[in-house]
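# Commentary on secondary and tertiary structure
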Amino acid sequence: MNRAIDRSKTRRKFLQMLSASPLLASPGLFAGPFAQLLAAGDASERRFRGWLDSFQQSDEVISSPDQAMDVMDFEPAARKALPPAHFGYLATGVDDDGTVRANREGYSRIQIRARRLIDVENIDMSANLFGTKWSTPIVLSPVSGQKAFHPEGEVAVARAAGAKGQLMMLSTVATSSIEDAIAARGGPVWQQLYPTNVWEVGRAIVKRAEAAGSPAIVLTVDLQEGSNRETLFRAERVDKRECSACHQSAYTGDARGRARGGAGGFASYAARKPMFNGLDLSKVTSAHPANMNWDFVKRLRDTVTVKLLLKGIVTREDAQLAVEHGVDGLMVSNHGGRAEETLRPTIESLPEVIEGVGGKVPVIVDGGIRRGTDIFKALALGATAVGIGRPHAWGLAAFGQSGVEAVLEILRRELRTIMRQAGTTSIEKITRSYIASRPS
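Quantities reported herein were computed from a predicted structural model and do not represent experimental measurements. (Residues numbered from 1 in each chain as written. Predicted model: local features only at pLDDT ≥ 70, side-chain atom pairs only at ≥ 80, totals over all residues. Heavy atoms only, no water.)

## Brief notes about the overall build of the protein chain
This is how it is decided: Comment: elements are numbered from the N terminus, with helices defined as DSSP H or I runs of at least four residues and strands as E runs of at least two. Burial classification: accessible surface area is computed with a 1.4 Å probe over protein chains only, and a residue below 20% of its type maximum counts as buried, one above 50% as exposed, and the rest as partly exposed. Should any heavy atoms of two residues lie within 4.5 Å, those residues are considered in contact.
In terms of helices and strands, the protein chain carries 17 helices and 12 strands. Expressed as a percentage of its 440 residues, the buried residues of the protein chain come to 53%. Nonlocal contacts in the protein chain, meaning residues at least 24 apart in sequence, comprise 71% of its contacts between residues at least 6 apart.

## Notes on the side chain of His 150
Note that His 150 resides in the loop between strand S4 (138-140) and helix H7 (153-164). The exposure class of His 150 is buried, given its relative accessible area of 19%. Non-local contacts of His 150, meaning those with residues more than four positions away in its chain, are made with Leu 396 and Gly 400.

## Details of H7
In plain terms, the rule: Multiplying 1.5 Å by the residue count of a helix minus one yields the expected span of that helix.
Compared with an ideal rise of 1.5 Å per residue, which puts 12 residues at 16 Å, H7 spans 17 Å between its outermost C-alpha atoms and is within 8% of the ideal. The element H7 is largely enclosed, with a buried count of nine among its 12 residues. Of all the residues in H7, the buried ones are Gly 153, Glu 154, Val 155, Ala 156, Val 157, Ala 158, Ala 160, Ala 161 and Lys 164. The secondary structure elements touched by the buried residues of H7 are S4, strand S5 (167-170), helix H8 (178-185), helix H16 (390-399) and helix H17 (401-422). Among the residues trailing H7, Gly 165 stands out with phi positive, at a value near 70 degrees.

## Remarks on the pairing of strand S8 (residues 307-311)
Applied cut-off: Criterion used throughout: strands pair if DSSP finds at least two bridges between them. Every crossover in which the path from the first strand over the helix to the second runs clockwise, viewed with the strands pointing away from the viewer, is termed right-handed.
Burial of S8 is extensive: four of the five residues sit out of reach of the surface. Note that strand S7 (residues 216-220) and S8 share five bridges and pair parallel. Of the residues in S8, the one forming a bridge with Thr 220 is Lys 311. The sheet contact formed by S8 and strand S9 (residues 329-332) spans three bridges and is parallel. Considered in S9, the bridge of Lys 311 is made with Met 331. Handedness of the β-α-β unit built from S8, helix H13 (residues 316-324) and S9 comes out right-handed.

## What about the pairing of strand S10 (residues 363-366)?
Of the two faces of S10, the one lined by Val 363 and Val 365 and the one lined by Ile 364 and Asp 366 are each fully buried. With helix H14 (residues 346-357) bridging S9 and the parallel S10, this β-α-β connection has right-handed handedness. A crossover links S10 with its parallel partner strand S11 (residues 385-388), the connecting element being helix H15 (residues 372-380), and its sense is right-handed.

## Here's the deal with the sheet that holds S8
Definition in use: Whenever a helix is involved, its axis is fitted only over the stretch in contact; in every case the axis is a line through C-alpha atoms, and angles between N-to-C directions fall within 0 to 180 degrees.
If you trace the eight strands once around the closed barrel, you get S4-S5-S6-S7-S8-S9-S10-S11, paired in parallel fashion. Sheet twist, expressed as the mean angle between neighbouring strand axes with direction ignored, is 25 degrees. Pairing geometry for S10 and S11, over three bridges, is parallel. In the strand pairing of S11, Ile 364 is matched with Ala 385. Each of S9 and S10 is contacted by H14, which is oriented at about 170 degrees to S10, the strand it contacts most.

## Some remarks on the nonpolar core
Put simply, the rule reads: We call a set of buried residues a nonpolar core when its members are Ala, Val, Leu, Ile, Met, Phe, Trp, Tyr or Cys and they connect through side-chain atoms within 4.5 Å of each other.
If you look at the biggest cluster of nonpolar residues, it comprises 102 residues, and the most contacted ones within it are Phe 74, Leu 300 and Leu 330. With 10 residues, H17 is the largest single contributor of residues to this core. Counting 12 residues, the second-largest nonpolar core is a separate cluster that includes Trp 134, Met 169, Leu 309 and Ala 385.

## Focus: empty space enclosed by the protein
Stated precisely, the cut-off is as follows: Cavities and pockets were defined on a 1 Å grid built from protein atoms only: a cavity is a group of points that admits a 1.4 Å probe but offers it no way out, a pocket is an open group of points flanked by protein on both sides within 12 Å along at least five of seven lines, and a lining residue is one with an atom within 4 Å of any such point. Grid points are joined across faces, edges and corners, and a volume is the space filled by probe spheres set on the points. By the convention adopted, Pro, Cys, Tyr, Trp, Phe, Met, Ile, Leu, Val and Ala count as nonpolar, Lys, Arg, Asp and Glu as charged, and the other residues, Gly among them, as polar.
Here the structure, examined in full by the defined rule, presents two cavities of 30 Å³ or more. If you add up the space inside the largest cavity, you get close to 440 Å³. Taken together, 29 residues line the largest cavity, and the ones lying closest to its centre are Pro 142, Val 143, His 335, Gly 336 and Arg 338. Here the residues of the lining of the largest cavity sort into 10 nonpolar, 13 polar and six charged. Taken together, Leu 193, Pro 195, Thr 196, Val 198, Trp 199, Gly 202, Arg 203, Phe 296 and Leu 300 make up the lining of the second largest cavity.

## Re the pattern of salt bridges
To be explicit about the condition: Salt bridges are counted wherever a side-chain nitrogen of Lys or Arg sits within 4 Å of a carboxyl oxygen of Asp or Glu.
Inspection of the entire model under this criterion finds 17 salt bridges. Two residues, Lys 207 and Glu 210, come together in a salt bridge whose shortest N-O distance is 3.1 Å. Of the two residues, Lys 207 and Glu 210 are both situated in helix H9 (residues 199-212); the distance of three residues between them amounts to about one turn of the helix. Assessed through its relative accessible area of 24%, Lys 207 is described here as partly exposed. Owing to a relative accessible area of 16%, Glu 210 belongs among the buried residues under this scheme. It is possible to trace a salt-bridge network through shared partners that takes in Asp 70, Arg 371 and Glu 414.

In structure tokens:
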């Protein structure tokens, strides 16, 4: 009797595993060996268990970058390496993280139309931005406070970017300076800008970045105060460390990030960030002034002597206004789903932004990119380049520089593969004719 119960439990486990597996969708799955195994008697029980073991996905976390099969393998490795609140900060979206999920799901609604009988022996993945040639169109988007993920922080990311020939953007609230990032990369790094509510502070950051050799300033325009980052707050509840000595909210004002104000909150936070060194922060109350408008963009355009991009544009109307105000490029971004709960994926915002700029400036898109096929789809819709944020931060948290390099190498390999499969031998040849919308 016990033996029969054990066999029943084993088979039930097998079916539960299959219910979550793509194997279930295979034609005629139960017509062959699996049907025989499910009907197996006592004599076949050992063989049945062997089949179960061979198909059950391992829940082990990778222990080295070379074990990763895709960039998602780095997420559980990062979770294992980080304190709960640090991983919660990296993972969080807004409210119930719906926009984070939407960013990823948007790519599943796009199909790739593959062409045949094309010589794809030689593949050119290089991309050009403002006259600079990069090895691929992959950009390392700005991620703040990276020493919370690894002791070398942004310096390790910069070294990886240099080793792979990729463009990197440095956050205003990075834990390394623009000078250190450029030195580590051995080449240019773009400076992302939170201008603060004090014009002189934002201007000083711009001029410091320009003096260091940064060829572009990227103004973030999609972040307002008061984002309800529930995943972060829940992670903080289970993190028993005392963090208030080194962590205060970048945007709100209390150590746990829930307060909706608080004099000096951002100033005390910014004082520990290298890009604010030596600046008078006594009047600074926020990273992103609530009254920032197109007049501010014009004033910044008149101040910035290098390229100026806006990060966070998601509509045709704003894309047109950006071009009218003389910006040099746009980033279609919703802050990785961390800024607001719009439930609109950036890949679905991209086409109207491309239409709005009318080919006058390059457009980069980030949010939800996890595969080479995602990169291909974004390029087919008109993006000049794509940004990744969480994936390279996962690699950093898990393994430092080598983890970031591994993430980049996996995406490069996947992009090369889909370019061959689709019959596109260079980035320029990836056009809208290579994609179709999935039938609803």
